[in-house]
Each structure stands twice: as structure tokens, then as C-alpha cells.
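Commentary on secondary and tertiary structure
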Amino acid sequence: MMAIRLVECKSAISRSRLPGLDWAINPYRGCAHACRYCYAQDVTRFEADKEWGSVVEAKINIVSRLKRELEKGTEGVYGVGTVTDPYQPAEREYELTRGCLVLLKRTNAKVSILTKSDLVLRDLDVLAGWDGAEVGISISCTDDDVAAIIEPGACPPSRRFNALAELSRADVSSYLMAAPILPGVCDSEESLKNLVARANDVGVRKIIWDVFNPKPMASSRLNSALTSRGLAASPPHKGDRIAALRSIIHRECSSRGIELADAF
């Protein structure tokens, strides 16, 4: 059972170490999507003694904090959802991400949002016409049934592809985050070709990709989830295999005029 705690944050903005992002805004700690491969718990150590996804903290004062911090004139690109999903289920009730985006749009800030939820479509009224905003939708596996095993709390990939189509129709800058490409799960040539083809079908013109980051807790969760369903857990990708995967994705993207970029 998932528990939500309401907490107050001291600051809404933190420095980001991710490429292309100067600042990070994370309205929540923890994530109810409970992705088995997520390494956020390894990095943040949030509730490290508990099952990932079982506890979420909502930073109930983040909008008011952000307002004060933006008044100081902070500049740069804001990453919304760098160690949590800003559109996880709690967002339906608390609307913390929406509140932050409204403020950021007022200052004409540049923002990059990353999510695996079609709840982002609720905020099309904010995102539409915002030149400085982009939305990344994360999809690594196109099979809804397999995704239910490795991403038990997230909406199925089919709905995420639909969200990408809606963003494209609304002329919101968007991309597919094809990550993580999981060894033995979604790294076959057929899987990668299908991923790019479906992205193309919904109007995606940019794909960012990455392989699985085998942090200890993430690896343990993923292996346990796979073996419990009779699926084989494969060793992480290395060297030549990573190059081979990129070659396949690059070929499929190039043939469709889709830009491909490495996540790191």
C-alpha cells in the first residue's frame, strides 16, 4: 500500500548535474510508478529500507517557495522531474507540478519536463504556446503487458504514445525518451524497430535513448520482478553491445528523419 506524506521544502530549486539542465524542480520525493529499474532510490537514498514506490512525499509548499525564488531572477533551463515523476498519481490531487509550471510560464522560463504519464495532457492549456517548454515521454518497452511488470504503477505505453500524439497535435515541443533499454526485455532488433516505428507514427521527431543503469537496488528490484514472472534477467549492456543497440536505433531513426541523441 502506498503512503503519501505532506511535507514542506526549504527550497523549490536545486542545481542540476544533468546535461542541458541548470536547475531541478521535483515537486515530489519518491514515485508511485514504482518502476523496477529506477535508480532514483539508489541516488537519493529516499526510504532506502522500504519498497520503492510505497512512500511518496508531496512538497505541499513548493509553489510558494518557487514564486519567491523566481523573483530573485534565477536564469537557465529548469528540469521538472529529474529524480521523480512530476505527473505521478498524487499530482491529480495536489497539482504541485501544474502550479510550478504556471509560475515558470509567467517568467517565460525554459523548462524540460520528463514523465511517463499521460496526465501531462491535463496541462496542455499551460504548455500550448510556450516556446520555452518541452515535454519528454519515457517509453522503453512497447508491450503493455511487459510494462505492467517492470512499471507497475505507470500508465501503459499505449497511452503514452497517445500522449505524444496529442502533444504533437497541440504543437508542444516533445520527444520520446527511449530509456532504459533493458537487457533481455526490450533490446532485440525487433523491439527497437517497433519502438521507433510507433514513435514515428505519432509524430515524434526526436528520440533520446539510454541503456539500463545497474545500480544495486534497481538491479535487485528488476531481477526479482522478471524472475517472478518467469522471465530471464540478463547482464547489463556493455561496450560493443551498446554500440550495436545505438546503431540499430540510429538506422531506424535516420530512415524516418528522426533526430537521435544520447541521454548522457
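Let us look at the structure shown here.

Rules behind the numbers
- Residues numbered from 1 in each chain as written.
- Predicted model: local features only at pLDDT ≥ 70, side-chain atom pairs only at ≥ 80, totals over all residues.
- Heavy atoms only, no water.
- Axes fitted to C-alpha atoms, helices over the stretch in contact; angles between N-to-C directions.
- Helix = DSSP H or I, 4+ residues; strand = E, 2+ residues; numbered from the N terminus.
- Parallel < 35°, antiparallel > 145°, perpendicular 65-115°, else oblique.
- Left-handed = near helix turned anticlockwise from the far one by under 90°.
- Contact = heavy atoms within 4.5 Å.
- Salt bridge = Lys/Arg side-chain N within 4 Å of Asp/Glu carboxyl O.
- Buried < 20%, exposed > 50% of the residue type's maximum accessible area, 1.4 Å probe, protein only.
- Phe/Tyr/Trp six-rings, centres within 6.5 Å; stacked < 30°, edge-to-face > 60°.
- Lys NZ or Arg CZ within 6 Å of the ring centre and 35° of its normal.
- Pairing = 2+ DSSP bridges.

Quick word on the packing of helix 2 (residues 62–70) against helix 4 (residues 96–106)
- Interaxial distance between helix 2 and helix 4 falls to 9 Å at its minimum, and their mutual angle equals 20 degrees. It follows from the interaxial angle that helix 2 and helix 4 lie roughly parallel. The hand of the helix 2/helix 4 crossing is right-handed. Residues Ile62, Val63, Leu66, Lys67 and Leu70 of helix 2 pack against Leu96, Gly99, Cys100, Leu103 and Leu104 of helix 4.

A closer look at the pattern of salt bridges
- Applying the stated criterion to the full structure yields 19 salt bridges.
- Note that Glu189 is salt-bridged to Arg251, the shortest N-O span being 2.8 Å. Residue Glu189 is found in helix 8 (residues 189–201), and its partner Arg251 is found in helix 10 (residues 239–254); the two are separated by 62 residues along the sequence.
- Judged by its relative accessible area of 39%, Glu189 falls in the partly exposed class.

Notes on the packing of aromatic side chains
- Inspection of the entire model under this criterion finds zero aromatic pairs.
- One residue, Lys206, lies across the ring of Tyr175, its end atom 6.0 Å from the ring centre.

Overview of the sheet that holds strand 9 (residues 173–181)
- Strands sit in the order 2-3-6-7-8-9-10-11 across an open sheet of eight strands; the sheet is mixed. Each edge of the open sheet carries a strand with a single partner, namely strand 2 (14–15) and strand 11 (259–262).
- Those strands touched by helix 10 are strand 9, strand 10 (206–211) and strand 11, and its axis lies near 165 degrees from that of strand 10.

A closer look at the pairing of strand 6 (residues 77–80)
- Pairing geometry for strand 3 (residues 23–25) and strand 6, over three bridges, is parallel. The residue bridging Ile25 from the neighbouring strand is Val80, located in strand 6.
- The pairing of strand 6 with strand 7 (residues 110–115) spans four bridges and is parallel. Opposite Tyr78, over in strand 7, you have Val111 as the bridge partner.

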